[in-house]
Amino acid sequence: MEKEIVLSVKRLSKKIGKKTIVQNINFDITKGEVFGLIGPNGAGKTTIIRAIVSLIHRSSGTVMINGKSVADDFKTTIADVGGIIENPEFYMYLSGMENLKQFARMSRKPVSPERINEVVAQVKLTNAINNKVKTYSLGMRQRLGLAQALIHQPSLLVLDEPTNGLDPQGMAEFREIIRSISSQGTAVLISSHLLAEIQQITDRFAIIEKGRLTHIEDMQQVNGGSTPTYLFKVADVALAEGVLRQLNYPFSLDDAAYIQVNTAEDQIPAIIQEFVAHDVAIFEVSAKKVSLEERFFQLTEGGNV
Ligand SMILES: Nc1ncnc2c1ncn2[C@@H]1O[C@H](COP(=O)(O)OP(=O)(O)O)[C@@H](O)[C@H]1O
Ligand SMILES: [Mg+2]
């Protein structure tokens, strides 16, 4: 079954004066999908996001949310979107909870106290929610921003460079929260120039270069598709090669004396068993990951990919 499309962007362009900032951008995001916009600073990511949520005027193109055009019905469509586009503003001398209640009062949809508690738990702020925001770390403020963006149960969450300035622990917490949000069916659009971060969080990504969308790719493809490469570090390479040859597993050797086997993950236990049965001592088995950074440079500089 086709997945439900939550956001559809077609032929989106933005000109400022005579300058074309972004041109002919096309992509869809489905229910529960985390979609990344990647590209260097100045590529046009923020402009695309601001044009999608109508913070800036679109020069041309259409944006549909749940099948409705944002241009035709701004109020209904935008009510289904939550986002952190700029740094969220809070009343620093009020608690996180007071800020959320204040925000809920301004919401078009009624927000129940239970719903507020639910989002607070989802962003892991339950213990700190009654403390003043001025005592919060950057990561906590960012999670309060997420709570605010999610309070009205949007079907699309839009985040522009959300992990800027977060420390590694803050980033890990953020990833976990995004995973839980998307697993409940919310579509997430996230822009970043931090490729390692995007690799860990998105299902699919688009590369934005000089205002154009040049590639769309599944992250699973970057991670090796259905037959990724596994690296085996063994004591006796010749012995291991013999076992693999006998069993018809295609393999190669890399410089670091790891044996590389291209196979589906479900074959790994059988290979390990065969190695053990033939007295091949195994020190390490790991999946070889291409970094998104490598893939990004292949796609953007390598030419004919
Ligand atoms: N209001 C504006 N007026 C003129 N140029 C702009 C304006 N906003 C953005 N730009 C230019 O458009 C390009 C894309 O910017 P932006 O969307 O912020 O990129 P990114 O978010 O990928 O870093 C940049 O060259 C930027 O200088
Ligand atoms: Mg930007």
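Residues numbered from 1 in each chain as written. Chains lettered and ligands numbered in written order. Predicted model: local features only at pLDDT ≥ 70, side-chain atom pairs only at ≥ 80, totals over all residues. Heavy atoms only, no water.

Participant: Summarise the overall build of the chain; cite the residues concerned and give the values.
Facilitator: Within the chain one finds 11 helices and 14 strands. In terms of principal-axis extent, the alpha carbons of the chain reach across some 70 × 50 × 35 Å. Counting all 305 residues of the chain, 46% fall into the buried class. Within the chain, contacts between residues separated by at least 24 positions form 68% of all contacts whose residues are at least 6 apart in sequence. Split by element, the accessible area of the chain, about 15900 Å² in all, is 49% carbon and sulfur. Computed over 33 positive and 34 negative side-chain charges, the separation of the two mean positions in the chain equals 12 Å. (Helix = DSSP H or I, 4+ residues; strand = E, 2+ residues; numbered from the N terminus. Buried < 20%, exposed > 50% of the residue type's maximum accessible area, 1.4 Å probe, protein only. Contact = heavy atoms within 4.5 Å. Areas by Shrake-Rupley, 256 points an atom, 1.4 Å probe, with all protein chains shown as cover. Lys, Arg positive; Asp, Glu negative; His and termini not counted. Charge placed at Lys NZ, Arg CZ, Asp CG, Glu CD.)

Participant: Mind laying out empty space enclosed by the protein, listing which residues take part and the relevant values?
Facilitator: The gaps of empty space that remain are located by a probe, the size of a water molecule, rolled over the atoms. Summed over all chains, the structure comprises 1 cavity of 30 Å³ or more. Tallied by class, residues from the lining of the largest cavity come to 2 nonpolar, 3 polar and 2 charged. (1 Å grid on protein atoms, 1.4 Å probe; cavity = no way out; pocket = protein on both sides within 12 Å on 5 of 7 lines; lining within 4 Å. Points joined across faces, edges and corners; volume = space filled by probe spheres on them. Nonpolar A, V, L, I, M, F, W, Y, C, P; charged D, E, K, R; others polar.)

Participant: Describe the sheet that holds strand β2 (residues 19-30), and please don't skip the residues or the numbers.
Facilitator: If you walk across this open sheet you meet the 4 strands as β2-β1-β4-β5, and the pairing is antiparallel. In the strand order of this sheet, the two ends are held by β2 and β5 (68-69), each with one partner. Pairing of strand β1 (residues 5-16) with strand β4 (residues 60-65), which is carried by 5 bridges, proceeds in the antiparallel orientation. Among the inter-strand pairings, S8 is bridged to a residue of β4, identified as M64. (Pairing = 2+ DSSP bridges.)

Participant: Describe the nonpolar core, naming the residues involved and giving the relevant values.
Facilitator: Among the nonpolar cores identified, the biggest contains 44 residues, and L146, L157, L159 and I178 are the most heavily contacted of them. Of the residues forming this core, the biggest block, 6 residues, is contributed by helix α5 (residues 138-150). By size, the runner-up hydrophobic cluster in this structure holds 27 residues, among which are V6, I25, A43 and A187. (Core = buried A, V, L, I, M, F, W, Y, C linked by side-chain atoms within 4.5 Å.)

Participant: Let's hear about the UniProt feature "domain: ABC transporter" (unreviewed entry) in the chain: which residues, and what values?
Facilitator: Within the UniProt annotation, "domain: ABC transporter" (unreviewed entry) is assigned to residues 7-235. Along residues 7-235 the backbone is 32% helical and 30% strand, and the end-to-end C-alpha distance reaches 52 Å. (UniProt positions renumbered as here; feature names shortened; annotations may be inferred.)

Participant: Explain the layout of surface pockets to me, using residue names and the numbers behind them.
Facilitator: In this structure, the largest pocket spans a volume of roughly 890 Å³. Along the wall of the largest pocket there are 31 residues; nearest its centre are V81, G83, F103, Q148 and H152. Residues of the lining of the largest pocket, tallied by class, amount to 16 nonpolar, 10 polar and 5 charged. Computed from the structure, the second largest pocket encloses a volume of approximately 310 Å³. Contributing to the lining of the second largest pocket are 14 residues, with I84, N87, P88, L138 and Q142 lying nearest its centre. The leading source of residues in the lining of the second largest pocket is α5, at 3 residues. Residue classes in the lining of the second largest pocket are distributed as 7 nonpolar, 3 polar and 4 charged.

Participant: Account for the sheet that holds strand β7 (residues 156-160), with residues named and values stated.
Facilitator: Strand order in the open sheet formed by 6 strands is β6-β7-β8-β3-β9-β10, with mixed pairing between adjacent strands. A single partner strand is all that each edge strand has here, and the edge strands are β6 (81-84) and β10 (212-218). Between one strand and the next, the sheet's axes are offset by a mean angle of 15°, whatever the strand orientation. Pairing of β6 with β7 involves 4 bridges; the strand directions are parallel. Each bridged residue has a counterpart across the sheet, and for I84 the counterpart in β7 is L159. Most of the contacts of helix α1 (residues 45-52) go to strand β8 (residues 187-192), to which it runs at about 150°, and overall it touches β3 (34-38), β7, β8 and β9 (204-209). The strands touched by helix α6 (residues 168-183) are β3, β7 and β8; relative to β7, the strand with the most contacts, the crossing angle is about 155°. (Axes fitted to C-alpha atoms, helices over the stretch in contact; angles between N-to-C directions.)

Participant: Mind laying out the site of ligand 1, listing which residues take part and the relevant values?
Facilitator: Around ligand 1 sit I16, K19, I21, P40, N41, G42, A43, G44, K45, T46 and T47, and that is every residue in its neighbourhood. One of the backbone nitrogen or oxygen atoms of A43 is found 3.2 Å away from an oxygen atom of ligand 1. In the model, an oxygen atom of ligand 1 is placed 2.8 Å from a nitrogen or oxygen of the K45 side chain. A total of 560 Å² of accessible area belongs to ligand 1 in isolation, and the protein chains cover 58% of it. (Near = heavy atom within 4 Å. Polar contact = N/O pair within 3.5 Å; in protein donor to acceptor, adjacent residues only side chain to side chain.)

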